[in-house]
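Geometric and topological summary
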Amino acid sequence: ALTDASPDTTDALRVLHRVFGYGSFRGEQQEIIEQVVAGGDALVLMPTGGGKSLCYQIPALVRDGTGVVISPLIALMQDQVDALTALGVRAGFLNSTQDPYERQAVEQAFLADELDLLYLAPERLRTEGTQRLLDRGKVSLFAIDEAHCVAQWGHDFRPDYLALSMLHERWPKVPRIALTATATEATHAEIATRLGLTDARHFVASFDRPNIQYRIVPKNNPLKQLLELIRTEHDGDAGVVYCLSRSSVEKTAAFLVEQGIDAVPYHAGMDAAARAANQSRFLREDGVVVVATIAFGMGIDKPDVRFVAHLDLPKSVEGYYQETGRAGRDGEPATAWLAYGLQDVVQQRKLIDGSEGDETHRRSLAAHLDAMLALCETVDCRRVRLLAYFGQSAEPCGNCDTCLTPAESWDGTVAAQKLLSTVWRLARERRQKFGAGQIIDILQGKKTAKAIQFDHDQLSVFGVGADLSTAEWRGVVRQLLALGLLAVEGDYGTLVLTDGSGEVLGGRRQVSMRKETAPARSARKESGS
Ligand code: ADP
Ligand code: ZN
């Protein structure tokens, strides 16, 4: 590669200065690079933006031969190769987007030992042709990027990754480095097992992003709440707003533009040119807000994103962490803001019930959602909970909403019993099922047309919950759903009991709840929905 001196730390440092123009290594980069340069295997867990790329790019430059990088992000390969080429690194890629001539040129360069780095899509490696190609050239290392894709029940599972265990069998002398930004201890262990990284050194970076302020607020009027966040704290800042559906992306972007904010939509349903144009405006100009589905962002590296806002609940803590992690990569203060409400729980549970795959898969999705819900409902420091999810411990941070305005908890057992027994009575005595709105009206003793139509004012539970506001009752429903002590069913979001409900009704289980912090005004606003 670049130098013919013996591969050691000075080489690595020289490459860092000369090729990449950086003064010093970050975090554990140096140790990781030394391990791989010396021919050892490594498993690297480092948060997004932590600087994983250098951990294999530098060893590839220091060691003889070509570093082969396996990455599922085909769309980004061209960009990565262009960026490296601009630095004077000899890089190429092989994937399905190329014509045979382009492919051949890259293969020739590899065989002539004229490449420092070769990016490969995982499915390429399965072909005998590619394997023979690698045999004929000189591979300096294998880097397995986004290694969590090998975890079978993870949210990014790629079957092609399972075949990567073959790397070690076929090329036992070539060092391997697996890298990921998403790893709970379980995923971590699964990566090591599935890739056969038995002798690998593990490098686990802290997942803490101290400059990001985490906030999770009750959702009542999300567009208005978002606008207020932008206007009061992030006027003119670059930001990303995540929505679950393409239609809400369009709607939200249009709303922000109407309000004079420089916002652009981004989702997989848009035509490729418009999407690319929006992405490039976001990357190159100052203060652009991208409203996007989660399709946006994998591999996006913009240092000065000042806020990431979620208008819908992420499906997992991994997803939340990765998406919020796009904020504040420059280390300056940034905000991760999520608006979360009852409807999110209903919607996500419905998505899981209707999802493809077997029962095990659904159970795994539900477990991921439960962890996310627990993070939303916690009265503890968000950061402590977030890091605990990744198996790391921390002290309360002083830079999250629960640290800044301590959330109170209250004993919601009696309220839960009132609510659950209303659901139970309606089902048992009337063979009726209703959504949260009607159940809450009954508890509060509201003589609405619907109450009269269904004789609900005759129920013994009618009005037993007049002591709590609508927002508070919605909080009770949301938290019971989050805890699995209540469930939703069907297209109308009707409430039904679960096995756990009986324990609460029978007084065998206490329910501690997070106090609602919504102002009274939003409580009134919600009562119609
Ligand atoms: P990851 O792949 O972990 O998300 P990247 O490898 O893309 O992170 O690095 C994130 C950013 O940090 C990039 O802009 C990269 O150039 C920069 N970076 C990485 N290592 C260093 C370093 N030692 N000094 C300065 N900047 C660095
Ligand atoms: Zn905190």
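As shown above, the structure is provided for reference.
This report concerns the structure included in the present document. (Residues numbered from 1 in each chain as written. Chains lettered and ligands numbered in written order. Predicted model: local features only at pLDDT ≥ 70, side-chain atom pairs only at ≥ 80, totals over all residues.)

Thoughts on the overall build of the protein
Helix and strand content of the protein: 24 helices and 17 strands. Expected size for 529 residues packed as a compact globule is a radius of gyration near 24 Å; at 26 Å, the protein falls within 12% of this value. When the 529 residues of the protein are sorted by exposure, 44% land in the buried category. (Helix = DSSP H or I, 4+ residues; strand = E, 2+ residues; numbered from the N terminus. Rg over C-alpha atoms; globule rule 2.2 N^0.38 Å. Buried ≥ 20, exposed ≤ 12 C-beta atoms within 10 Å, placed from the backbone.)

Side note on the nonpolar core
Counting 83 residues, the largest nonpolar core has V291 and L419 as its most contacted members. Top element by residues in this core is helix α22 (residues 470–483). It accounts for 7 residues. The contacts of L419, once residues within four sequence positions are left out, are I439, L443, V476, V477 and L480. (Core = buried A, V, L, I, M, F, W, Y, C linked by C-beta atoms within 7 Å. Contact = placed C-beta atoms within 7 Å.)

Some words on the site of ligand 1
If you check the shell around ligand 1, you find 13 residues, and the closest are Y22, R26, G51, K52 and S53. When residues of the shell around ligand 1 are assigned to their parent elements, the largest contribution, 3 residues, is made by helix α3 (residues 52–62). Split by residue class, the shell around ligand 1 holds 4 nonpolar, 6 polar and 3 charged. (Near = placed C-beta within 6 Å. Nonpolar A, V, L, I, M, F, W, Y, C, P; charged D, E, K, R; others polar.)

Quick notes on the environment of A163
Structurally, A163 can be placed in the loop between α8 (159–162) and α9 (166–170). Placed 37 residues apart in sequence, A163 and R126 show a C-alpha to C-alpha distance of 7.1 Å. Excluding anything up to four places from it in sequence, A163 contacts L125 and R126.

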